[in-house]
Amino acid sequence: EAGVVQSPRYKIIEKKQPVAFWCNPISGHNTLYWYRQNLGQGPELLIRYENEEAVDDSQLPKDRFSAERLKGVDSTLKIQPAELGDSAVYLCASSLDGRGGNTEAFFGQGTRLTVV
Amino acid sequence: RKEVEQDPGPFNVPEGATVAFNCTYSNSASQSFFWYRQDCRKEPKLLMSVYSSGNEDGRFTAQLNRASQYISLLIRDSKLSDSATYLCVVNTQYGNKLVFGAGTILRVKS
């Protein structure tokens, strides 16, 4: 079975440019997360979806970041415009419907973004 | 105060040593707990869940102390391949709100 698939793996852009990341979760996983990980830090949650509903986006910088999960499957995360401080690894993860559960989150390989 | 706190290390230990990591969490209503392992430039992967009664998986033992709000990971007979960052993860509410600690770096040397 395929794991969580993310693309692109690497992206270098100039500041003020837009950028988008794509994630395909594991088939059947209702919960999808976008995390951002800076060097030497743990992943920080940006947004969490239960099916197509964003149930937690409190950490998403909404002035420049947006996300969508159409049909409750694939998801995209967009930054417009990008800033130097956005350089990080963007990780997508998915899990089974874990409401009240103890389910494992599976991560994709991430997109390493460098803003210059 | 961060929701999940870990000693960043690094812990430098010789092969065969026993090493232990602790992690504290601030939300007393937290539901479930995990240790993830992250190799350099790789994604995090689940190492083990942490149960109230404590659990063991080979050389790895995880324990939870709800009263003191900390979890621990013990690694016995360390191998070179155990070198990685160990992330403490707490599910802080009903549902899947997973909060990660900053990670503890382990380096096992021959």
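Remember, predicted model here, so these are calculated numbers, not experimental data.

Draft legend 1. Up close: the sheet that holds strand 3 (residues 19-24) of chain A. Residue and element names in this part refer to chain A. Pairing is antiparallel in the open sheet, where 4 strands are placed in the order 1-3-8-7. Each edge of the open sheet is held by one strand with a lone partner, namely strand 1 (5-7) and strand 7 (65-68). Taken over all neighbouring pairs, the strand axes of this sheet differ in orientation by 15 degrees on average, direction set aside.

Draft legend 2. Representation of the confidence of the model for chain B within the structure. Taken residue by residue, chain B gives an average pLDDT of 93. The fraction at 70 or more is 96%. Looking over chain B, one finds the lowest element-wise mean pLDDT in strand 10 (residues 98-100) of chain B, namely 92, and the highest in strand 11 (residues 104-109) of chain B, namely 98.

Draft legend 3. View of the state of the cysteines. Residues and elements named next belong to chain B. A full pass over the atoms with the stated rule returns 2 disulfides over all chains. Note on cysteine connectivity: C23 is disulfide-linked to C88, with sulfurs 2.0 Å apart. Here C23 and C88 share a disulfide; its torsion about the S-S bond, -70 degrees, makes the bridge left-handed. Highlighted residues: C23 in strand 3 (residues 19-25) and C88 in strand 9 (residues 84-91), separated in sequence by 65 residues. Using a relative accessible area of 0% as the deciding quantity, one classes C23 as buried. Residue class for C88 comes out buried when judged on its relative accessible area of 0%.

Draft legend 4. Molecular detail of the interface of chain B and chain A. Between chain B and chain A, the residue contacts involve 22 residues of the former and 27 residues of the latter. Carbon and sulfur atoms make up 45% of the surface buried where chain B meets chain A, a total of about 1,900 Å² over both sides. Where chain B packs against chain A, one counts 1 salt bridge. Run the count over chain B and chain A and you get 4 residue pairs in polar contact (both at pLDDT 80 or more). Those elements that provide at least two residues to the side of chain B that touches chain A are strand 4 (32-38), strand 5 (45-50), strand 9 and strand 10 of chain B.

Rules used in this analysis
Note that residues are indexed from 1 along each chain, following the sequence as it is written. Starting at A for chains and at 1 for ligands, labels are handed out in the order in which the entities are written. Only residues with pLDDT of at least 70 get local features here, since the model is predicted, and only at 80 or more are side-chain atom pairs given and counted; chain-wide, interface and lining totals rely on the full set of residues. Side-chain metrics in this entry use all non-hydrogen atoms of the structure; hydrogen atoms and water are not considered. Here, any two strands with at least 2 DSSP bridges between them count as paired. Secondary structure elements are taken from DSSP: a helix is a run of H or I of four residues or more, a strand is a run of E of two residues or more, and numbering for both begins at the N terminus. Angular values range over 0 to 180 degrees, each being the angle between N-to-C directions of two axes fitted as lines to C-alpha atoms, with helices fitted over their stretch in contact. What pLDDT reports is the predictor's confidence in each residue, on a scale of 0 through 100. Pairs of cysteine sulfur atoms within 2.5 Å are identified as disulfides in what follows. Only protein chains enter the accessibility calculation, which uses a 1.4 Å probe; a residue is then buried when its area is under 20% of its type maximum, exposed when over 50%, and partly exposed in between. Whether two residues are in contact is decided by their heavy atoms: any pair within 4.5 Å suffices. Buried area, as used here, totals the accessible surface that two parts lose on assembly, with accessibility defined by a 1.4 Å probe and the loss added over both. Should a side-chain nitrogen of Lys or Arg be within 4 Å of a carboxyl oxygen of Asp or Glu, the pair is scored as a salt bridge. Polar contact is the term for a pair of N or O atoms within 3.5 Å; when the atoms are in protein, one must be able to donate a hydrogen and the other to accept it, and sequence-neighboring residues count only if both atoms are side-chain atoms.

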